[in-house]
Protein chains: 2
Amino acid sequence: MQAGSNHWTLWMRRALQLAALAEGQTSPNPLVGAVVLDAQGVLAGEGFHAKAGQAHAEVGALAQAGERAKGGTIIVTLEPCCHQGRTPPCSEAVIQAGIQRVVVALKDPDPRVAGGGIQRLRDAGLEVITGVLEEEAAQQNRAFVHRVQTGRPWGLLKWAMSLDGRTALTNGESQWISSPPARAWVHQLRAGCDAVIVGGGTVRADNPLLTSRGARSPEPLRVVLSRSLDLPTQAQLWDTSLVPTLLAYGPGCADRALPQGPESLELLASEPLDLLQVLAERGCNRVLWECGPALAAAALQQGCVQELAVVIAPKLLGGTLARTPLGDLGFTEMDKVMALSDLHAQRLGRDLLLEQRLI
Amino acid sequence: MQAGSNHWTLWMRRALQLAALAEGQTSPNPLVGAVVLDAQGVLAGEGFHAKAGQAHAEVGALAQAGERAKGGTIIVTLEPCCHQGRTPPCSEAVIQAGIQRVVVALKDPDPRVAGGGIQRLRDAGLEVITGVLEEEAAQQNRAFVHRVQTGRPWGLLKWAMSLDGRTALTNGESQWISSPPARAWVHQLRAGCDAVIVGGGTVRADNPLLTSRGARSPEPLRVVLSRSLDLPTQAQLWDTSLVPTLLAYGPGCADRALPQGPESLELLASEPLDLLQVLAERGCNRVLWECGPALAAAALQQGCVQELAVVIAPKLLGGTLARTPLGDLGFTEMDKVMALSDLHAQRLGRDLLLEQRLI
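Predicted model, so just to flag it, every value in this text is computed and none were measured. (Residues numbered from 1 in each chain as written. Chains lettered and ligands numbered in written order. Predicted model: local features only at pLDDT ≥ 70, side-chain atom pairs only at ≥ 80, totals over all residues. Heavy atoms only, no water.)

Considering the overall build of chain A
Rule in force here: We count a stretch as a helix when DSSP gives it H or I for four or more residues in a row; a strand needs E for two or more, and each element gets its number in order from the N terminus. The globule rule used for comparison is 2.2 Å times the number of residues to the exponent 0.38, while the radius of gyration itself is calculated over C-alpha atoms. Buried residues are those whose accessible area, probed at 1.4 Å on protein chains only, stays under 20% of the maximum for their type, while exposed residues exceed 50% and partly exposed ones sit between those limits. Note on areas: Shrake-Rupley with a 1.4 Å probe; residue coverage comes only from the protein chains shown.
The helix and strand tally for chain A stands at ten helices and 16 strands. Rg of the C-alpha trace for chain A: 23 Å, near the compact-globule value of 21 Å for 359 residues, within the 12% margin. C-alpha extents for chain A along the principal axes are approximately 70 × 45 × 40 Å. When the 359 residues of chain A are sorted by exposure, 56% land in the buried category. Working note: accessible area of chain A is about 14700 Å², and carbon and sulfur atoms make up 50% of it.

Quick look at the structure:
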């Protein structure tokens, strides 16, 4: 069978769709989808990586294809691995299945792979086509790639504000600025993250639950990063019977009583960067910052935020001293401020959602 | 000729397009467009009201149609007037031209007309069809209708802010938050307004020019509403050689020196509402508030703002004490805050423009 690059694009799009089925579920592993075609180019098997420790996408798709994989093609969103992890290397499985051609979107940034899987396949005589829908695949796995390259999870900062940029009234009242559809969307957003982070101020002011309301199982880890450990004794986050909570704090708080329930962790410093290194070690690819202005500003300044999601409600709150999304960033010149990618807007009920990257 | 309502809708859309040609130019008069069809339903004349004191739309369209108006139809966006103003009543001109049928979008809210024009036409034996594209016509003339009904111009409040709701850095620096396309759009926005209003703080901080950069002739009246008359002696607004400036202030400022150049006006109180009554008397249908947070909040609280235009730049400024769009509005409960119509978003270069009404 001869086929142009457009042909592989169509199948790769299907493989990306398969990979997306496990969005938020695979950490610390990437999202991967795979499609196997037989020697005549007919669909023979599909697979995706559902969860760390479970079969890789290629293995599932090859198993489905069985003997039909012989002389066939596998289309896979990420370079097949060549190292023994919790499961055997996929490059060997591909070779043993008798596949003749491998179409890959993105090279694996994991230094244990990084082109080694492709090389192994070529050495075994297979044709390897790379870079098909590479950008889309990099976008889909941006959190994994970022964590592998930097040692820190991809950070998403989210807030909801009125059109005049307020996140609370002057008296601190903040429930609710956004509409029910926007709040349901936040639950979905949490389901795509491995941890949700707030500061002590948010615990004191809002007593949040911070779950995906069952949209993700297990729920993302709930994290409180506290400078002072000045925390309420009762809080929804301290009830860890259903969902775990991690309480992280800096040195010098030894005399404060810790609330019952959460796992507690003393960091070298009570800073976003220190926390993220710990969360990366625990296998988090993507974390959601749902914090107040001071912690949000610190996370931004320490490079712990890669993406923003801002919900704007059609309301005016006013209030010179009313809470705003961000504390001090220290800028004194307009051309030095933090730049974002073009604002992308969509509706969430009556609210507007703006999503963008830091650039 | 027989024709369904859809037929008149198409011609009325043309009449609305004609009316829009004079956007921002007709105050204190409304925008009006008219189309004349001959007895066979063929286009015979078009007209629009270009400027107060000049011919009304109907007169222009009838003149163009000449003898062909006899037995024909006139489609007009606003009820023909029946009173002698600076020009004779249009209802008489329509009757005298031999028109048989009049199609009207919107009744004139002017108490001197208010259905009287339609009545006069019917009394003379003409068929009158009303309410065709009435909503569109009301939207087009919302400023005129509001001014006639309330005695105050329609108020549009505009600001540009960063995604985190800041209109300046902590040190007051605000040039430029928005991009050149957004600033060019502001010039166009001014061209559609009869006056542009700022407070003394904006004069001190930004020394603005506040013109349409030639997009409107004459330029809109520039207005400074000052409480304290604590104003710089030199400012671009004090140069009235090309564009007039009105300096309005409250009582109790008699000891302050007034800057040379602007027309000065002492109000009963230095409040938005007092200013707008004066501007309505001077023939303003639509004014643009381009002021700082305190005056913007006062204008909102006094019902002087009907519409908002917010430019959001893809930037983060931060700064706990950095300027925000609105000062105190006095709300203590979330369900009492000011509600806006659904946010309507469009791009202005790299910025986003959100437009909405107060509801």
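Focus on the sheet that holds strand 6 (residues 154-162) of chain B
All names here are of chain B. Threshold: Two strands pair if DSSP finds at least two bridges between them. Comment: axis = line fitted to C-alpha atoms, over the contacting stretch for helices; angle = value between 0 and 180 degrees taken between N-to-C directions.
Pairing is mixed in the open sheet, where nine strands are placed in the order 10-9-8-7-11-6-12-16-15. The sheet is open, and its two borders are formed by strand 10 (263-266) and strand 15 (344-348), each paired with just one other strand. In this sheet, neighbouring strand axes are inclined to one another by 25° on average, regardless of whether the strands run parallel or antiparallel. Sheet analysis places strand 8 (residues 221-226) next to strand 9 (residues 245-249), joined by five bridges and oriented parallel. Directly across from Arg222, in strand 9, lies its bridge partner Thr245.

Some thoughts on the pattern of salt bridges
Quick note on the threshold: Salt bridge, as applied in this entry: a Lys or Arg side-chain nitrogen positioned within 4 Å of an Asp or Glu carboxyl oxygen.
In the structure shown here, the tally under the stated rule is 28 salt bridges over all chains. The partner of Glu333(A) in a salt bridge is Lys336(A), and the shortest N-O contact between them spans 3.4 Å. Residue Glu333(A) is classed as partly exposed on the basis of its relative accessible area of 38%. One salt bridge connects Glu46(B) with Arg14(B), and the closest N-O pair in it is separated by 2.7 Å. Within this pair, whereas Glu46(B) is found in strand 2 (residues 43-48), its partner Arg14(B) is found in helix 1 (residues 5-20), the two being separated by 32 residues in sequence. For Arg14(B), a relative accessible area of 31% translates into the label partly exposed. Residues joined in a network through salt bridges with shared partners are Lys158(A), Arg190(A) and Glu290(A).

What to know about the relation of the copies chain B and chain A
One copy of the chain maps onto the second through a rotation about an axis and a displacement along it. Condition: Copy-to-copy alignment: least squares on C-alpha atoms, limited to residues at pLDDT 70 or above in both.
Its rotation angle being 180°, the transformation that places chain B on chain A also includes 0.0 Å of axial translation and leaves an RMSD of 0.0 Å. Classification of the inter-copy transformation places it as that of a two-fold axis. When C-alpha positions in chain B are compared against the rotation axis, the closest is assigned to Gly165(B), at 2.0 Å.

Let's talk about the interface of chain B and chain A
Under the convention used in this document: Any two residues whose heavy atoms approach within 4.5 Å are treated as being in contact. The buried area of a pairing is the accessible area, by a 1.4 Å probe, that goes missing from both parts when the two are put together, added over both. The term polar contact refers here to a pair of N or O atoms within 3.5 Å; inside protein, the definition further demands a hydrogen-donor-capable atom paired with an acceptor-capable atom, and it admits residues adjacent in sequence only when both atoms are side-chain atoms.
Facing 51 residues of chain B, the contacting portion of chain A comprises 51 residues. Between chain B and chain A, a total of about 3900 Å² is buried, with carbon and sulfur atoms accounting for 63% of that surface. Ranking the residues of chain B by area buried against chain A places Leu163(B), Leu316(B) and Met334(B) at the top, with a combined share of 21%. Inspection of the region where chain B meets chain A yields two salt bridges. At the boundary of chain B with chain A, the tally comes to 18 residue pairs in polar contact (both at pLDDT 80 or more).

Remarks on the sheet that holds strand 2 (residues 43-48) of chain A
Note: strands within a sheet are paired through backbone hydrogen bonds, in either parallel or antiparallel orientation. All names here are of chain A. On the basis of which strands lie adjacent, the open sheet formed by five strands has the order 2-1-3-4-5 and mixed pairing. The open sheet has two free edges, formed respectively by strand 2 and strand 5 (127-129), since each of these has just one partner strand. Between one strand axis and the next, the sheet turns by 15° as a mean value, whatever way the strands run. Of the strand pairs in this sheet, strand 1 (residues 33-37) and strand 3 (residues 73-78) are connected by four bridges, and their pairing is antiparallel. Each bridged residue has a counterpart across the sheet, and for Leu37 the counterpart in strand 3 is Thr73. Across the sheet, helix 2 (residues 57-65) touches strand 1, strand 2 and strand 3, and the angle it forms with strand 2 is around 150°.

Thoughts on the pairing of strand 2 of chain A
Residues and elements named next belong to chain A. Sheet topology places strand 1 next to strand 2; five bridges connect them, and they run antiparallel. Opposite Val36, over in strand 2, you have Gly45 as the bridge partner. What sits between the antiparallel neighbours strand 1 and strand 2 is a turn of five residues, in which Gly41 has the positive phi angle 85°.

Observations regarding unusual backbone geometry
Following Ser27(B), the chain continues into Pro28(B) via a peptide bond in cis, with omega recorded as 5°. Across the junction of Gln175(B) and Trp176(B), the peptide omega takes the value -5°, indicating a cis bond. Summarising the element assignment, Trp176(B) is placed in the loop between strand 6 and helix 7 (180-191). The phi angle at Leu133(A) is positive, at roughly 55°, despite the residue not being glycine. One can find Leu133(A) in the loop between strand 5 and helix 5 (134-140). For Leu133(A), a relative accessible area of 12% gives the class buried.

Some points on the layout of surface pockets
Worth spelling out the cut-off: The definitions used throughout rest on a 1 Å grid laid over the protein atoms alone, on which a cavity is an enclosed set of points accommodating a 1.4 Å probe that cannot get out and a pocket is an open set flanked by protein within 12 Å on both sides along at least five of seven lines; lining residues are those having an atom within 4 Å of a point. Grid points are joined across faces, edges and corners, and a volume is the space filled by probe spheres set on the points. The classification used treats Ala, Val, Leu, Ile, Met, Phe, Trp, Tyr, Cys and Pro as nonpolar, Asp, Glu, Lys and Arg as charged, and all other residues, Gly among them, as polar.
Approximately 1000 Å³ is the volume attributed to the largest pocket. If you trace the largest pocket, you find 46 residues lining it, with Thr202(A), Asp206(A), Glu290(A), Cys291(A) and Arg323(A) closest to the centre. For the lining of the largest pocket, the elements supplying multiple residues, two or more each, are strand 6 (154-162), helix 7 (180-191), strand 7 (195-199), helix 8 (200-206), strand 8 (221-226) and helix 10 (293-301) of chain A. Examining the composition of the lining of the largest pocket, we find that six residues originate from one element, helix 8 of chain A, more than from any other. Looking at the second largest pocket, its volume works out to about 700 Å³. Of all elements in the fold, only strand 6, helix 7, helix 8 (200-206) and helix 10 (293-301) of chain B reach the threshold of two or more residues within the lining of the second largest pocket. Residue contributions to the lining of the second largest pocket peak at five residues, all from helix 7 of chain B. Class assignment for the residues of the lining of the second largest pocket results in 16 nonpolar, ten polar and seven charged.

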